[in-house]
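Chain by chain, the residues run as shown.
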Amino acid sequence: MLRKALFVVLGFMSIGAVGAEETALWPSSETEMRAQPDSTVTQLKDGAIAVRTGVKYPWPGVRMDFKDGARDLSSYGKLAIVVSNMTDRLVTVCLSVKSEALQGQSPGGAVELPPKGVGAFVCDLQPEPWRLDKPLELVGMRGYPQARGASRVFDLARVSSLHVFRQEGESIEGFEILSVSVSKEKHEQVVFKADEFLPFVDRFGQFKHADWPGKVHAEDDLRQAKDAESRWLAENAAGPNPDLNEYGGWTKGPQLKATGFFRTEKVDGRWWFVDPKGRLFWSLGIDCLNVGEGVTGIGFRETYFENLPAKDDPDFGPFYGKKTWKAAHGFYAETNHLPYATYNFAAANMLRKYGRSWRSEAVDLAHRRLRAWGVNTVANWSQPEIYLARRTPYTVCLSTAGTPRRAGSKGWWGPLPDPDNPEFERTLRARARQMAAKMKDDPWCLGVFVDNELSWNDLPDLAAVAERYFATVRRIVREELPNHLYLGSRIAWGTPDVYRACARHADVVSVNVYSPTFNRDLPADAEDKPLLNGE
């Protein structure tokens, strides 16, 4: 069977013959392939197998079992699977390694295959660079490298099967598995003595028992980093593209109608954002920009941390007590939503680096960095302190959380809001008015999202619910925030009816793809609207 040349290889495993340091798991007389539900497996003449997957099972694909039961793979470092796409569409193929005991996070991975393309994904069987010599329970931590054989640790000595499957979708797909192999590449780990492991976090909030480029060893390292960045920002102040105006619009492109606010327009068959000055705008943004707001829980595990400052330290205290977490600017805090004390290492380091004016300097640096990096949007869930500086275009997100849910709805993030309940409109309108008080006439606002990754599912009246939801939201956004684009609800999963309803009412259909390739499109009969990838 003729196949196209290799499209992409993730990792270091070659696709040729199995080498001296590699062991073939399939084709092999020691393993067998079994179809998962709603899937079929066909043996091909060249040794490959063809897997056909349906739409009725969440993880359709194939399972490779070891005929003699569990297999010990603890001496191996890499697992490689070569796959090909049998269809004319982009297909994502995933891997999950299974153990007899399902404790701990299992190794796995995914690869995107272009139409008729061939690729390989290589996963680290032992991705952690270190482990402990015996079990040591670390409270409030997930996925840390524990001792082999400890509870909640994936046991490579008892691997039972490999599951190769595609992501759940709306169409029948097909892929081929050409080979499966393991190698001993990069399987050595540093072993730390559990009795000498604590404390393992230094005063800067870093892992104490390892070194890496850029690690802070002394406060002077922070000052040197500040000076080096200051020089770099001065040299790159205009960013990688000097042909952009203050909004990030393309000054060398066509001059379109300037409305004073962001809008969309189809130019030469392609949808564009248009900035307030009438220039084409390609939005590249970063979510969750904030100023020193990350906190680390220290309650019940003070022994993990080296040299925590005294709570009455005049520089790195004081103890704030029962306040919201946003009051903990660089110091200790107890919070109303966490049952333990916290410490803000990020803000403490910014105090060390920039001095008493670190907050205002951090806001200034955020905008200077974005410009120098070529990023022109302060994206979702960012801190008002940053975006209301009005130096970089931004998006905001309203939420209908807390309103009554639709009866019979369920899903990953919980039931859908009920657009027929009067509380839905009252709550959203109140929140829109609150937001409008800050930015109703702000030309720097790119647009408004409402909600995020709603659990669109198979309600009997889903099409009608989606229609009422998007129509109601659009009306409220138009009435309360008339100058700004309605950017949709960041659809992660949705049926064609959901996309049609969103396209009918939103200015932009936003989706969260979670993929290195943008692989979404509107149904053929949907209104022509631009798509924006939110994550």
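Residues numbered from 1 in each chain as written. Predicted model: local features only at pLDDT ≥ 70, side-chain atom pairs only at ≥ 80, totals over all residues. Heavy atoms only, no water.

Quick word on helix α3 (residues 358-373)
The terminal C-alpha atoms of α3 lie 21 Å apart, and with 16 residues this matches the ideal 22 Å at 1.5 Å per residue to within 8%. Among all positions of α3, only Trp 358, Arg 359, Ala 362, Val 363, Leu 365, Ala 366, His 367, Leu 370 and Ala 372 are buried. Close packing links the buried residues of α3 with α1 (219-235), β18 (285-286), α2 (345-354), β22 (377-378) and α4 (384-387). Immediately beyond the C-terminal end of α3, within one or two residues, lies Gly 374, with a positive phi of roughly 85°. (Helix = DSSP H or I, 4+ residues; strand = E, 2+ residues; numbered from the N terminus. Expected span 1.5 Å × (residues − 1). Buried < 20%, exposed > 50% of the residue type's maximum accessible area, 1.4 Å probe, protein only. Contact = heavy atoms within 4.5 Å.)

Focus: the side chain of Thr 427
Here Thr 427 lies in helix α5 (residues 422-439). With relative accessibility at 13%, the residue Thr 427 sits in the buried group.

Remarks on the sheet that holds strand β17 (residues 280-281)
Read across the open sheet, the three strands follow the order β15-β16-β17; overall the sheet is antiparallel. Two strands in the sheet have a free side with no partner beyond their single neighbour: β15 (263-267) and β17. Bridging between β15 and strand β16 (residues 270-274) involves five bridges; their strand directions are antiparallel. Each bridged residue has a counterpart across the sheet, and for Val 267 the counterpart in β16 is Arg 270. (Pairing = 2+ DSSP bridges.)

Observations concerning the environment of Asp 287
Structurally, Asp 287 can be placed in the loop between β18 and β19 (296-297). As a C-alpha pair, Asp 287 and Val 378 span 91 residues in sequence and 6.8 Å in three-dimensional space. Beyond its immediate chain neighbours, meaning those up to four positions away, Asp 287 contacts Ala 379, Asn 380, Trp 381, Ser 382, Arg 490, Gly 534 and Glu 535. There is a polar contact of 3.1 Å between the side chain of Asp 287 and the backbone nitrogen of Asn 380. (Polar contact = N/O pair within 3.5 Å; in protein donor to acceptor, adjacent residues only side chain to side chain.)

Quick look at the sheet that holds strand β12 (residues 159-166)
Read across the open sheet, the five strands follow the order β3-β6-β12-β8-β9; overall the sheet is antiparallel. Two strands lie at the open edges of the sheet, namely β3 (31-35) and β9 (108-113), each paired on one side alone. Strand-to-strand twist of the sheet, defined as the mean angle between neighbouring strand axes without regard to direction, takes the value 20°. (Axes fitted to C-alpha atoms, helices over the stretch in contact; angles between N-to-C directions.)

Notes on the pattern of salt bridges
According to the stated counting rule, one finds 39 salt bridges in the structure shown. In this structure, Glu 480 engages Arg 429 in a salt bridge whose closest nitrogen and oxygen atoms are separated by 2.7 Å. Of this pair, Glu 480 sits in helix α6 (residues 462-480) while Arg 429 is found in helix α5, placing the two residues 51 residues apart along the sequence. A single burial state applies to Glu 480 and to Arg 429, both of which are buried. With its nearest N and O atoms 2.6 Å apart, the salt bridge here joins Arg 478 to Asp 507. (Salt bridge = Lys/Arg side-chain N within 4 Å of Asp/Glu carboxyl O.)

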